[in-house]
Amino acid sequence: MSQEAFESARRRWEAELARSGPRLPRFETISGTDVPALGLPAGDPDGAYLDGLGFPGQFPYTRGIHPSLYRGRLWTMRQFAGFGTAADTNARYRYLLEHGQTGLSVAFDMPTLMGYDSDHPRALGEVGKCGVAVASLEDMETLFEGIPVGEVSTSMTINAPAAIVWAMYIANAEKQGVPAASLRGTIQNDILKEYIAQKEWVFPPEAHMRLVVDTIEWAARHLPLWHPVSISGYHIREAGSTAAQELAYTLYDGFAYVEAALARGLGVDEFAPRLSFFFNAHSDFFEEVAKYRAARRIWARRMKGRYGARDPRSMQLRFHAQTAGCSLTAQQPENNVARVALQALSAVLGGAQSLHTNSMDETLALPTEKAVTIALRTQQVLACETGVANTIDPLGGSWFVERETDRLEAEAEAIFIELDRRGGMVRAIEDGYPQREIGRASYDYARKLQRGEQVMVGVNRYADSPAAGDGIPLLRIEPRVETSQRERLAALRRRRDAAAARRALDRVRDGARGHDNLMGPILEAVRAYATLGEVVDAMREVFGTYREPSVF
Amino acid sequence: MTEARPIRVLVAKPGLDGHDRGARVVASALRDAGMEVIYGGLWLSPEEIVTIAEQEDVDVIGLSSMNNAHMTVFPRTLELLRERGLGDVLLTGGGIMTAEDMEALGRMGVGRLFGPGSDMDAFVEYIRRWCETRARGTEGRGTCPTA
Amino acid sequence: MQRLLAGEARAAGRVISLIEDRRPERFAVLGALAGRVGRAERLGVTGPPGAGKSTLINAMTRALRAAGRTVGVVAVDPTSPYTGGALLGDRVRMGESGLDAGVFIRSMATRGALGGLARAAEEACDVLDAYGRDVVVIETVGVGQSEVDVARAADCTLVVLSPESGDQVQAMKAGLMEAADVFVVNKADREGADRMVAQVEEMLHLRARRGAWEPPVLRSVALKGEGVEAILEAVARHRRSEEERGGLAARRRGRLLARLRAAVEEIHREAIWADPGSALALEGAADRVASGGADLYGAAAGLFRSWLRRAAGLGGPPRGE
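No experiment lies behind these values; they were computed from the predicted model shown.

1. Describing helix α3 (residues 86-98) of chain A
Residue and element names in this part refer to chain A.
Here is step 1 of the chain: The end-to-end C-alpha distance of α3, which contains 13 residues, comes to 18 Å, matching closely the 18 Å that a straight helix rising 1.5 Å per residue would cover.
Here is step 2 of the chain: Along α3, the positions that sit buried rather than exposed are A86, T89, N90, R92, Y93 and L96. Down the axis of α3, the smallest arc covering the buried residues is 165°, so these residues share one side.
Here is step 3 of the chain: Tucked into the core, α3 has its buried residues touching β2 (103-107), α5 (137-143) and α15 (369-385).

2. Topic: the interface of chain C and chain B
Here is step 1 of the chain: If you look at the interface, chain C gives 31 residues, while chain B gives 37 residues.
Here is step 2 of the chain: Here chain C packs against chain B, burying approximately 2,800 Å² in sum over the two surfaces, 49% of which is carbon and sulfur.
Here is step 3 of the chain: Sorting the residues of chain C by area buried against chain B places R10(C), L87(C) and R91(C) first, and these three jointly supply 23% of that buried surface.
Here is step 4 of the chain: Taking the shortest distance from any N to any O, the salt bridge between E56(B) and R106(C) comes out at 3.8 Å.
Here is step 5 of the chain: Across the contact surface, chain C and chain B share 18 residue pairs in polar contact (both at pLDDT 80 or more).
Here is step 6 of the chain: Of all the elements in the fold, those that place two or more residues in the side of chain C that touches chain B are α2 (9-20), β3 (86-88), α5 (90-94) and β4 (103-109) of chain C.
Here is step 7 of the chain: It is α2(C) that provides the largest number of residues to the side of chain C that touches chain B, a total of 7 residues.
Here is step 8 of the chain: Class assignment of the residues belonging to the side of chain C that touches chain B gives a composition of 12 nonpolar, 8 polar and 11 charged.
Here is step 9 of the chain: Here strand β2 (residues 36-44) of chain B runs beside β3(C); their pairing, made up of 3 bridges, is parallel.

3. Things to note about helix α16 (residues 399-421) of chain A
Residue and element names in this part refer to chain A.
Here is step 1 of the chain: An ideal rise of 1.5 Å per residue puts 33 Å on 23 residues; α16 measures up with 33 Å between its terminal C-alpha atoms.
Here is step 2 of the chain: Residues of α16 that are buried include every one of V401, E402, E404, T405, L408, E409, A412, I415, F416 and L419, and no others.
Here is step 3 of the chain: Elements that come into contact with the buried residues of α16 comprise α10 (243-264), α12 (285-305), α17 (425-430) and α18 (433-451).
Here is step 4 of the chain: Directly beyond the C-terminal end of α16, a positive phi value near 85° is found at G423.

4. What to know about the pairing of strand β6 (residues 156-161) of chain C
Residues and elements named next belong to chain C.
Here is step 1 of the chain: Counting buried positions over the 6 residues of β6 gives 6, a clear majority of the element.
Here is step 2 of the chain: Alternating residues of β6 divide into C156, L158 and V160 and T157, V159 and L161, and every residue in both groups is buried.
Here is step 3 of the chain: Here strand β1 (residues 41-47) runs beside β6; their pairing, made up of 4 bridges, is parallel. In the strand pairing of β6, L43 is matched with C156.
Here is step 4 of the chain: Pairing of β6 with strand β7 (residues 182-185), which is carried by 4 bridges, proceeds in the parallel orientation. Note on β7: the bridge partner recorded for V159 is F183.

5. Some details on the interface of chain A and chain B
Here is step 1 of the chain: Of the residues lining the interface, 42 residues belong to chain A; the matching set on chain B comes to 33 residues.
Here is step 2 of the chain: Counting across the chain A and chain B interface gives 3 salt bridges.
Here is step 3 of the chain: Among the salt bridges present, the one from R447(A) reaches D121(B), with a minimum N-O distance of 3.3 Å.
Here is step 4 of the chain: At the junction of chain A and chain B, the tally comes to 15 residue pairs in polar contact (both at pLDDT 80 or more).
Here is step 5 of the chain: Top contributing element to the side of chain A that touches chain B by residue count: α18(A), with 9 residues.
Here is step 6 of the chain: Within the side of chain A that touches chain B, the residues separate by chemical class into 21 nonpolar, 9 polar and 12 charged.

Scoring rules and cut-offs
- Residues numbered from 1 in each chain as written.
- Chains lettered and ligands numbered in written order.
- Predicted model: local features only at pLDDT ≥ 70, side-chain atom pairs only at ≥ 80, totals over all residues.
- Heavy atoms only, no water.
- Helix = DSSP H or I, 4+ residues; strand = E, 2+ residues; numbered from the N terminus.
- Expected span 1.5 Å × (residues − 1).
- Buried < 20%, exposed > 50% of the residue type's maximum accessible area, 1.4 Å probe, protein only.
- Arc of directions from axis to C-beta.
- Contact = heavy atoms within 4.5 Å.
- Buried area = accessible area lost by both parts, 1.4 Å probe.
- Salt bridge = Lys/Arg side-chain N within 4 Å of Asp/Glu carboxyl O.
- Polar contact = N/O pair within 3.5 Å; in protein donor to acceptor, adjacent residues only side chain to side chain.
- Nonpolar A, V, L, I, M, F, W, Y, C, P; charged D, E, K, R; others polar.
- Pairing = 2+ DSSP bridges.

So this is what it looks like as structure tokens:
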């Protein structure tokens, strides 16, 4: 019986594989022998294979969400970039696009990420430092000047003020004559992980959750190709969590968004296909591969079983991965190239849809062009030279990797039970639970490093150079960035129709008091050149602010 | 009987960046070394940092800066400390910063700064030593005095 | 001292350290404050960990500031018995006021000796009182009787609970329940809030009434600032009720007696061990007890008498200076 099911699933997979065109005419080893698309057991006598793993592109998607994975198309190599003024970053984007990159990924500066205009006192010294400053639609226009937004896909790493920055992107596209419905891209917009790990929020959790659902709903209705949330474990891991915590908190955040959108009255298959994930690619090689595989299985089972998804795309966990910034060292920074390569390999073996590889100099400053290029070349070496992209889920069936996959799934399920007991993620966050657990894990790790039980090459073993960052050139941001950005903003405030901006902001404030989708009023406000900080302030008057609990 | 005063340290994150992993690990390490750690949390301006230091009467301020704003934040905090009569408080910390910047801040009067991958115990030891040295230099004061 | 009375935060911070460190200079300092203490209204806030005390104090501070009153907070957290260190994180939630000079927050660690803590905390409140704060709040984690007692050294004591506090309340109901002038069930928008309120009310019914004042059981959602006005009203009502019955005066009198008693003991204890003769005699007494030549209390009484004789020769127990 189960053998029949196995054979039938296999025929289905083979048919799907045949339908998806291969990226190469032949897949062969360096020695010239054929590489099969998939390694498989001889049979499935007890049904365990189909139940726990399945074929690629088939439930529960443990081995991948596409029948052909990288034999059809390589992962997207998407490098995150942004610095200085919008004009500076625009030049970098044009350079990247001319050199064959098809997707853009925007890094914003801290004031933008926190919803402050570049001329706010709190922005002092931070404008353009860790990304690009975008305080108004005008900055967005400059950022994408000469870039066909109808043709590129744009990923924007923005959370607390995501709805506003997204509105600026949409409004800019409209001005370029590109309809919103054709826009492709992602806003990170994952506020729960901000409270858990990255700590960039503006309002209390419930108000932010409403804004997230507003964007999910708006995307479902008006921008069907957009990914309105990128549910992120990356920052949770960077904050020091274990792999199981990263896995569990991230997926549980995903459940929380799904439940909030369902509570809004959306159908699960209306929005779930556009949810995507973002994981960390850390150094423990097999644990990382197992983590991605477990994530796919848990998500698929939950979406189908608990939330009644029917559309397979609602059950397929798509993810972007980035190598672990926290694993890089300032000492002997060239070693980071090796770390990044191995971490990237784990993401590829784990079936990532897109990947960012970190630059070796990131622990010291923003990356230089040379370091960024080496990081991108690392992905190209993996893709084109190593052969790892030629067969699907090559570690599937390894006793060890399957055991790790099961272990991580079980640990995540136990954490889900605890979070349920605490009344869900928002409550748990208000009580400081995930923050405390991550704090403990990161302190334990730090102690292990201290005692030498955990090795960091070049830091606590094989150390040589005493000074950090010897010999590698660093990128510096000129102070003129801040001055010129302030001047631009002041000029905009003088030039715009102040009354129109004020009226639009009043509508945002009223909208925040009500329950209708806020995206409409926000779009109106940014079109009237209300600034990011002004829109945030209007909402803050209604939503208030939030301080985290004591989390030790 | 006067008990030895534990060293009081304010650990805080200046500026807008919220990456508090380092700050929290250091706070835990200082506590485990027997110090009283006032955790100031996130998003503090130099003015707020100095206000807390004043109210809490700390011996040491440790700032964690990960977002390239250290060349603004450290000098301003130092200036305010001196203006408000807290010039005897040690300003130290760490984060993502170049050796060159650390030296420049050191010349202004900021204490030792600790870059990525620094030894946690070295930071604890540095603070302890600094307080002992200061105590020896000031007659009639406790382990790490402020009176 | 002038700088403290002139409202300099730096001076207030330093004076509290003198007291907290139990340094001899504190006697002079507290003496100089004497005439200036007693004006502030004192609130004690206690309750189990996680009930939301800091958040509630933050919200109350906001409301008090809006009403034009200045606020001082002494937030007490435990010292680790193993390392002697402490992590004092309450400011994070209480620090909304940021640069507002009308708010002064001081974090204090228990530092082992709880009896000492009670004195230090109360004296820190004296400093903030003299410093001109209209309201002084003292916050402790209500995990043990001693911590609860610290929060009771106030004109009005709030016991803050949350819907999740059930087990903790069961475990230590006597101390915590007796301490309260006002009960607050915080996080009242969560499941179980009604049950918690009912549980507290039931305990209150079972208990013998202490006087005319019946502690109200209020609800709040401190994160959203909900219920704070009602709490401050209850505090004011409690104050009026106490004043009418002379309860406030009696309460302050009782506290004064207790503090005096403790101060006498503290002065003696410090004086005894500050005398080098006592330290010598201690070793000798220990030898005698160990060898069976004397019993413990007999040896202790002998030590005390010998100190008294030396002290009389010096003209009485020395005041710390």
